[in-house]
Amino acid sequence: MPKYAVTLNQDKQIDNIYSKLDDSIVKIDLRNTLKKHKDEYLYYKTDHHWTSLASYYAYQDIAKAFNLETTKQSDYTIYPVTTNFEGTLANKTGSVNIKDEIDIYVPKDKCDYVITDESTNKKSRTIYHSDALETKDQYTVFMGGNKALFHINVDNNSKRHLLLIKDSYANSLIPFLIPQYASITVVDARYYFEDYSRLIKDDLITDVLFMNNANTFVQDTSLADMLEAN
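The sections below set out a description of the structure shown in this document. (Residues numbered from 1 in each chain as written. Predicted model: local features only at pLDDT ≥ 70, side-chain atom pairs only at ≥ 80, totals over all residues. Heavy atoms only, no water.)

## Focus on the pairing of strand E8 (residues 207–211)
Only one face of E8 is covered, namely the one carrying Asp207, Leu209 and Met211; the face carrying Val208 and Phe210 has none of its residues buried. Where strand E6 (residues 161–166) lies against E8, 5 bridges are found, and the strand directions are parallel. Residue pairing in the sheet places Lys166 in a bridge with Met211 of E8. (Buried < 20%, exposed > 50% of the residue type's maximum accessible area, 1.4 Å probe, protein only. Helix = DSSP H or I, 4+ residues; strand = E, 2+ residues; numbered from the N terminus. Pairing = 2+ DSSP bridges.)

Pasting the structure below:
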C-alpha cells in the first residue's frame, strides 16, 4: 500500500460490533493480547491467517473466559512442519523469496481423540493432515481445510461439550481446545445449512464459541442467515 493510503479503522469497526451484542454474550476481545505480543511472529508474511503462536495467546484469553485450564508454552512440544509456506497473500502479489514457517503445538500431556469429517464420514486420530504440506495450500495441514461439520470426541473426564462456529482462523486454535472438552462440534457457517438448535440438543452442547476473523464476520452473510434461522 502507498505510505499514506487511508485504511479501514478496524478498531472502530470491532467496537461497533461489540456495542451491538447483547450483554448476556461474553465478548472475548483479543486485541490487547495481540498488541502486547505485536513484535512476535503472530501473522504469516505471505498469508492472511494468524500463526499457531497467535492462536496459543488467543487460547489463554478464551480459557480464562470459559473457566478452562490455561497453559504455558512449555506444556507443548512445538514442531516446525514446514519452512516454505506461501499463502494467499503471496498468491495475490507474486511475492518472491518470502517464505513462512508453520508450527504445530502438541501437548506433552497427550489425550486421545477421534475426529469425524461428517461430509465424508472419514475418521482420524489427528486433526493434522501431513499430506497438505506437499500441496500449494499448506495451511490445510490444520483440519484438512474448511468443511461444514466436524465432530471431535475426546477420551478424557470432561463433562463439557463445545460448539465452535468458525472460519479458517480457528483451525489452528482447535488443538488448544481439544484437551478441555469431552467433545467439540466444529461448524463452518459458510457451508453448514442444517438446524443448529437440533445440533446443540443432539450434541449435548454446554458451551458455544464464535471464532471469526473480523473481515469474514463483516463481509460474509452466512452468520446472519444462521442466526435468523435459529
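Once you've had a look at it, read on.
## Thoughts on helix H1 (residues 10–20)
Of the positions making up H1, those classed as buried are Gln13, Ile14 and Ile17. Angularly, the buried residues of H1 cover 95° about the axis, an arc narrow enough to put them on a single face. Exposed positions of H1 whose direction lies more than 90 degrees from the buried face are Lys12 and Ser19. Where H1 is buried, its residues contact helix H2 (31–36) and helix H7 (214–219). With a side-chain oxygen lying 3.2 Å from the backbone nitrogen of Asp11, the N-terminal cap of H1 falls on Asn9. (Arc of directions from axis to C-beta. Contact = heavy atoms within 4.5 Å. Polar contact = N/O pair within 3.5 Å; in protein donor to acceptor, adjacent residues only side chain to side chain.)

## A closer look at the pattern of salt bridges
Tallied over the entire structure, the rule returns 9 salt bridges. With its nearest N and O atoms 2.9 Å apart, the salt bridge here joins Lys147 to Asp117. Here the residue Lys147 occupies a position in the loop between strand E4 (122–124) and strand E5 (149–154), and Asp117 occupies one in strand E3 (residues 113–117), the gap between them amounting to 30 residues. Look at the salt bridges and you will find they share partners, linking Asp11, Asp15, Asp29, Arg31 and Lys35 into a network. (Salt bridge = Lys/Arg side-chain N within 4 Å of Asp/Glu carboxyl O.)

## Description of the packing of aromatic side chains
Evaluated as defined, the whole model comprises 15 aromatic pairs. On the basis of an interplanar angle of 65° and a centroid distance of 5.8 Å, the ring pair of Tyr76 and Tyr105 is categorised as edge-to-face. With a gap of 29 residues between them, Tyr76 in strand E1 (residues 76–85) and Tyr105 in strand E2 (residues 100–107) connect regions that are remote in the sequence. This pair shows no difference in class: Tyr76 is buried, exactly as Tyr105 is. (Phe/Tyr/Trp six-rings, centres within 6.5 Å; stacked < 30°, edge-to-face > 60°.)

## Considering the side chain of Asn213
One can find Asn213 in the loop between E8 and H7. Polar side-chain contacts of Asn213 include one of 2.9 Å to the side chain of Thr216. When sequence neighbours within four positions are dropped, the list of residues in contact with Asn213 reads Asp167 and Tyr169.

## What to know about helix H3 (residues 52–66)
With 15 residues, H3 should cover 21 Å at 1.5 Å per step; its first-to-last C-alpha distance of 20 Å lies within 8% of that length. Looking one or two residues beyond H3, the residue adopting positive phi is Asn67, at roughly 60°. (Expected span 1.5 Å × (residues − 1).)

## Considerations on the environment of Pro107
When you line up the elements, Pro107 lands in strand E2. Here the alpha-carbon distance between Pro107 and Ser183, two residues 76 residues apart in the chain, equals 17 Å. Ignoring any residue separated from it by four or fewer positions in sequence, one finds Pro107 in contact with Asp75, Tyr76 and Pro179.

## Observations regarding the nonpolar core
In this structure, Ile152, Leu164, Leu177, Ile184 and Leu209 are the most contacted members of the largest nonpolar core, which totals 49 residues. Element by element, the count of residues in this core is highest for H3, at 9 residues. Leave out the neighbours within four places in its chain, and Ile184 touches Phe150, His151, Ile152, Leu162, Leu164, Leu177 and Ile178. (Core = buried A, V, L, I, M, F, W, Y, C linked by side-chain atoms within 4.5 Å.)

## Some remarks on the sheet that holds strand E7 (residues 183–187)
Reading across from one edge, E4-E3-E5-E7-E6-E8 is the order of the 6 strands in this open sheet, with mixed pairing throughout. Among the strands making up the open sheet, the edge pair consists of E4 and E8. When strand polarity is set aside, the average angle formed by the axes of neighbouring strands in this sheet is 15°. The pairing of E5 with E7 spans 5 bridges and is antiparallel. Across the sheet, residue Leu149 finds its bridge partner in E7, namely Val187. (Axes fitted to C-alpha atoms, helices over the stretch in contact; angles between N-to-C directions.)

Any functional reading would require information that these geometric values do not contain.
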